[in-house]
Amino acid sequence: MDRDARLRRIRYRAWHRGTREADFLIGGFFDCCHAGWSDDDLAWFEALLEEQDVDIMAWAIGTTEPPERFAGPMMKRLQRTDYIDTTGPGV
């Protein structure tokens, strides 16, 4: 799959989580930050998308420590939450 198709697929999955809160957190993070991501960063985010929203949100707001496989610079950026735009895409 080429990078553009991969990014479209990831963006869709990031913005269609099941709750608006998760959409804003996970989709907002993707929209804000993905342009500078390496292939390894994209793989990290794709793995994160496989996790439960409640877990991702707990890791992002710091109520639960993330598993070692998600700890690091990408998680630290996710935890900043300054990228959240509550108007969402196209709203």
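Our subject is the structure that appears above.
Criteria and cut-off values
- Residues numbered from 1 in each chain as written.
- Predicted model: local features only at pLDDT ≥ 70, side-chain atom pairs only at ≥ 80, totals over all residues.
- Heavy atoms only, no water.
- Salt bridge = Lys/Arg side-chain N within 4 Å of Asp/Glu carboxyl O.
- Helix = DSSP H or I, 4+ residues; strand = E, 2+ residues; numbered from the N terminus.
- Buried < 20%, exposed > 50% of the residue type's maximum accessible area, 1.4 Å probe, protein only.
- Arc of directions from axis to C-beta.
- Contact = heavy atoms within 4.5 Å.
- Polar contact = N/O pair within 3.5 Å; in protein donor to acceptor, adjacent residues only side chain to side chain.
- Phe/Tyr/Trp six-rings, centres within 6.5 Å; stacked < 30°, edge-to-face > 60°.

**Focus: the pattern of salt bridges**
Pairing between side chains of opposite charge can happen when their charged atoms approach one another.
No. 1: Enumeration according to the criterion identifies 11 salt bridges in this entry.
No. 2: Here R69 ties to E51 by a salt bridge, and the two come within 3.0 Å at their closest N and O atoms. Within this pair, whereas R69 is found in the loop between α4 (53-61) and α5 (73-80), its partner E51 is found in the loop between α3 (39-49) and α4, the two being separated by 18 residues in sequence.
No. 3: Several salt bridges share partner residues, and in doing so they unite R3, R6, R9, D39 and E46 into one network.

**Some details on α5**
Each α-helix winds once per 3.6 residues, and so residues spaced three or four apart point in a common direction.
No. 1: Taken together, the buried positions of α5 are M74, M75, R77 and L78. Take α5 and look down its axis: the buried residues cluster within an arc of 160°, on one side only. Set apart from the buried face of α5 by more than 90 degrees, the exposed residues are P73, K76 and R80.
No. 2: Among the structural elements, α2 (20-33), α3 and α4 are those in contact with the buried residues of α5.
No. 3: One or two steps after α5, the chain reaches T81, where phi turns positive at roughly 55°.

**Digging into α3**
No. 1: Along α3, the residues classified as buried are L42, W44, F45, E46, L48 and L49.
No. 2: Tucked inside the fold, the buried residues of α3 contact α1 (3-15), α2, α4 and α5.
No. 3: The N-cap residue of α3 is S38: its side-chain oxygen and the backbone nitrogen of D40 are 3.3 Å apart.

**Things to note about the side chain of R77**
No. 1: With respect to the helices and strands, R77 occurs in helix α5.
No. 2: Reaching out from R77, the side chain makes a polar contact with the side chain of D82 at a distance of 2.7 Å.
No. 3: Those residues within four positions of R77 in sequence are excluded, and the remaining contacts are F29, C32, C33, D82 and Y83.

**Re the packing of aromatic side chains**
No. 1: Applying the stated criterion across every chain, the model contains 8 aromatic pairs.
No. 2: Centre to centre, the rings of W15 and F24 are 6.3 Å apart; their planes meet at 85°, and the pair counts as edge-to-face. Neither W15 nor F24 differs from the other in exposure class; each is buried.
No. 3: Between F29 and W37, the aromatic rings sit 5.4 Å apart at their centres with planes inclined by 45°, giving tilted as the arrangement.
No. 4: A residue is classified by how much of its surface remains accessible, and W37, at 7% relative accessible area, is buried.
No. 5: An aromatic cluster of at least three residues, connected via ring pairs, comprises F29, F30, W37 and F45.

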